[in-house]
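Chain residues, written in single-letter form:
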Amino acid sequence: MVRNVTKKKVIKKVKWKVLGKIGLSFFVIFSIFFYLFQLKVKHIVIKGNEFTSDNEIILLAGLKDYPYLFRESSSKMKNKLLENEAINSVKITKSLDGVITITIDESRPVLYNRNTNRLVLDNLKGIKSNQLTGVPILINYVPDSFYEKLVSELSKIDKNVLQLISEIEYSPWKSNDIIIDDTRFFLRMNDGNTVYVNLYHMDKLNNYIEIFASLEGKLGILYLDSSSDKISFSEYKKGD
């Protein structure tokens, strides 16, 4: 005997709550992306720059007209900024309130080379610049074997002391045409003193402000090219 088996149809109920949550999630995500896509730069924060102006950094990064924040590629901005030879590295961060922060690590100017008409940085690169304030002027030729060392040693000198140096002249110490010290330099200071120093004792310049105070207003020649801890000073004679 064959029985008729009636199949029951299973009607799946639509889970409106689940669909609602999914829809709401998509809406929130879309809203966030739309907000970010339409968000313009509202404020630019620049950190770490001392020699490169804020305006120059803004122009190089392409932020002059405060563009859409997240449409601008951070890597492209970074590469544009690194075209400036004074800038070593760049870090860029963006925030949801429209603030972009650019942190700069830059090279330090240490002298102006009159022979090449370039402002020389501590990374040995020379750039065209009219901003000579705060760095000494190298007035003559220095052999390549000593030039790199000179730049390296000057980069270790306190900024406040470096600003006191007006001119640097390569001046080997000779006696009867015999070179005794071919690493010696003659410095003209803004305060009227002159200084002899060599590449091996350039760090003594970091004590210049204290040395100057101990001179009690006297002007003359300081000899910092000796390995002795004693400071040798020769006061100018009248008429010098």
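The rules we used
- Counting restarts for each chain, with residues numbered from 1 along the sequence as it is written.
- Only residues with pLDDT of at least 70 are given local features in this predicted model, and only at 80 or more are side-chain atom pairs given and counted; all residues enter the totals for whole chains, interfaces and linings.
- To obtain the side-chain values, all non-hydrogen atoms of the structure were included, while hydrogens and water were left out.
- Salt bridges are counted wherever a side-chain nitrogen of Lys or Arg sits within 4 Å of a carboxyl oxygen of Asp or Glu.
- Counting from the N terminus, the helices are the DSSP runs of H or I reaching at least four residues and the strands are the DSSP runs of E reaching at least two.
- Between any two strands, pairing holds if DSSP finds at least two bridges.
- For helices, the axis comes from a line fit to the C-alpha atoms of the stretch in contact; other axes are also lines fit to C-alpha atoms, and the angle between any two N-to-C directions lies between 0 and 180 degrees.
- In this description, contact between two residues means that some pair of their heavy atoms is separated by no more than 4.5 Å.

Lay out the pattern of salt bridges with the relevant residues and their values.
In this structure the tally under the stated criterion is 6 salt bridges. Linking Glu167 and Arg188 is a salt bridge whose minimum nitrogen-to-oxygen distance equals 3.4 Å. On the criterion of sequence distance, the pair formed by Glu167 in strand β8 (residues 165-170) and Arg188 in strand β11 (residues 184-189) is long-range, its members being 21 residues apart. It is possible to trace a salt-bridge network through shared partners that takes in Arg114, Glu167, Glu169 and Arg188.

Go over the sheet that holds strand β2 (residues 87-94), please, and point to the residues and values.
In space, the 3 strands of this open sheet follow the order β1-β3-β2, with mixed pairing throughout. Here the strands that pair on one side only, and so sit at the sheet edges, are β1 (43-47) and β2. In this sheet, adjacent strand axes meet at a mean angle of 20 degrees when their direction is disregarded. Bridge analysis of β2 against strand β3 (residues 99-106) gives 7 bridges, and the strand direction is antiparallel. Paired with Ile92 across the two strands is Ile102, which belongs to β3. Where helix α2 (residues 54-61) meets the sheet, its contacts fall on β1 and β3, and the angle it forms with β1 comes to roughly 115 degrees. The strands touched by helix α3 (residues 74-81) are β2 and β3; relative to β2, the strand with the most contacts, the crossing angle is about 155 degrees.

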